[in-house]
Amino acid sequence: MSITNTNNGTSVRNPATAILEWDAMEGNFKYYDSEAKERAFLKGKIEFIVLDQLSNVSGWVQDLGGCKAQETHNLSKAPLKVQAWKDGKPTLVKEGMYKDIKDSLKAMGIKYRKVVYALTTECETFGAGTIIKLDLGGCAMSQWIEDEIKDGKQVSLAGAEQVQLNKMVSYMKPQFSVVEPDTADLLEAKDADVQLQAYFDARKQKESTPAVQQTTLDSEVEYEDDVPF
């Protein structure tokens, strides 16, 4: 996948400035503010062009903490190594092909997630021309898949729709607006994707070595389900 096929460069630094997760109670994307050292919500409008989409599994497990696997473009071909991270050190939780371990992972509370890398075209919080990563689970992932959003599309958060599960419980799911980007923005996105694909190539090489270190960006993320299903 991805909107370019050019893969050059050797950088192992994740080019994504921030990781966004959907907060189904607030009806907005949240991210880790490294300066304030706390969670914060996006301000104003956000609009972006999708660069590439991957898959992952993650969740919070009692006594283990946050668990996650490496991101992959193809779950049916790449074996997963699910690890729990604590004090910057990994502990292997489960390893194998997704189809073989998904039931046991789900029983532990570790679920499939959609990972989307994108370039902002308008964003009050991060500015335009910034690579971001959307870590989508629960209702946000379901809505993204339902909308069949492809690489190279321009997406904006059009709002949030309240869903009433029962008399006591409700949640907010995102509403995405999807259009074709203009030529200038698409060219900028393709340049950004070259940088992103170079990072993916370097990361694959690093993950093939015995000692895999987690990046600072990834270590700042907590993985929790958006809604109780």
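Here is what the cut-offs are and how they apply
Residues numbered from 1 in each chain as written. Predicted model: local features only at pLDDT ≥ 70, side-chain atom pairs only at ≥ 80, totals over all residues. Heavy atoms only, no water. Phe/Tyr/Trp six-rings, centres within 6.5 Å; stacked < 30°, edge-to-face > 60°. Helix = DSSP H or I, 4+ residues; strand = E, 2+ residues; numbered from the N terminus. Buried < 20%, exposed > 50% of the residue type's maximum accessible area, 1.4 Å probe, protein only. Salt bridge = Lys/Arg side-chain N within 4 Å of Asp/Glu carboxyl O. pLDDT = per-residue confidence, 0-100. Contact = heavy atoms within 4.5 Å. Expected span 1.5 Å × (residues − 1). Pairing = 2+ DSSP bridges.

Caption draft 1: The packing of aromatic side chains, seen in detail. By the definition in use, this model includes 7 aromatic pairs. Centroid distance Tyr-31 to Phe-126: 4.9 Å. Interplanar angle 70°. Geometry classified as edge-to-face. One end of the pair, Tyr-31, is in strand 2 (residues 28-33); the other, Phe-126, is in the loop between strand 8 (111-123) and strand 9 (131-136), with 95 residues separating them in the sequence. Each member of the pair, Tyr-31 as well as Phe-126, carries the same accessibility label: buried. Connected via pairs of aromatic rings, a cluster forms that spans Phe-48, Trp-144 and Phe-176.

Caption draft 2: How the structure looks around the pattern of salt bridges. Applying the stated rule across the entire model yields 9 salt bridges. Across the salt bridge formed by Glu-71 and Lys-133, the nearest N and O atoms sit 2.5 Å from each other. Within this pair, whereas Glu-71 is found in the loop between strand 5 (65-68) and strand 6 (80-86), its partner Lys-133 is found in strand 9, the two being separated by 62 residues in sequence. For Glu-71, a relative accessible area of 9% gives the class buried. Judged by its relative accessible area of 2%, Lys-133 falls in the buried class. Taking the shortest distance from any N to any O, the salt bridge between Glu-180 and Lys-153 comes out at 2.1 Å. One end of the pair, Glu-180, is in the loop between strand 11 (170-179) and helix 3 (183-207); the other, Lys-153, is in the loop between helix 2 (138-146) and strand 10 (154-164), with 27 residues separating them in the sequence. By relative accessible area, which is 55% here, Glu-180 ends up exposed. Several salt bridges share partner residues, and in doing so they unite Glu-21, Arg-39, Arg-113 and Asp-135 into one network.

Caption draft 3: Representation of unusual backbone geometry. Even without being a glycine, Asp-63 presents a positive backbone phi close to 75°. By the secondary structure assignment, Asp-63 is in the loop between strand 4 (46-61) and strand 5. Exposure remark for Asp-63: the relative accessible area of 73% places this residue in the exposed category.

Caption draft 4: View of the environment of Gln-205. Of note, Gln-205 is situated in helix 3. With a relative accessible area of 58%, Gln-205 lands in the exposed category. Along the chain, Gln-205 and Val-12 lie 193 residues apart, while their C-alpha atoms are 9.4 Å from each other.

Caption draft 5: Examining the confidence of the model for the chain more closely. Summary statistics for the chain give a mean pLDDT of 87 and a share of 86% for residues scoring 70 or more. Across the chain, the element-wise mean pLDDT spans from 42 in helix 4 (residues 216-219) up to 98 in strand 9. Scored below 50 in pLDDT, residues 5-11 shows 11 contacts in the model against residues more than four places distant or in partner chains. In the model, residues 211-229 has pLDDT below 50 throughout and makes 52 contacts with residues more than four positions away in sequence or in other chains.

Caption draft 6: Region of interest: helix 3. Given a rise of 1.5 Å per residue, 25 residues ought to cover 36 Å, and the 35 Å separating the end C-alpha atoms of helix 3 matches this to within 8%. Taken as a whole, helix 3 has its buried residues at Ala-189, Ala-192, Asp-193, Leu-196, Gln-197, Ala-198, Tyr-199, Phe-200, Ala-202 and Arg-203. Lining the buried residues of helix 3 we find strand 4, strand 8 and strand 9.

Caption draft 7: Summary view of the pairing of strand 6. Taking burial as the measure, the 7 residues of strand 6 include 5 buried ones, the bulk of the element. Sheet topology note: the strand 5/strand 6 ladder contains 2 bridges and is antiparallel. For Cys-67, the partnering residue across the bridge sits in strand 6 and is Ala-84. Of the pairings in the sheet, the one linking strand 6 to strand 7 (residues 89-96) comprises 7 bridges and is antiparallel in character. Across the sheet, Lys-86 pairs through a bridge with Lys-89, a residue of strand 7. What sits between the antiparallel neighbours strand 6 and strand 7 is a turn of 2 residues, in which Asp-87 has the positive phi angle 55°.

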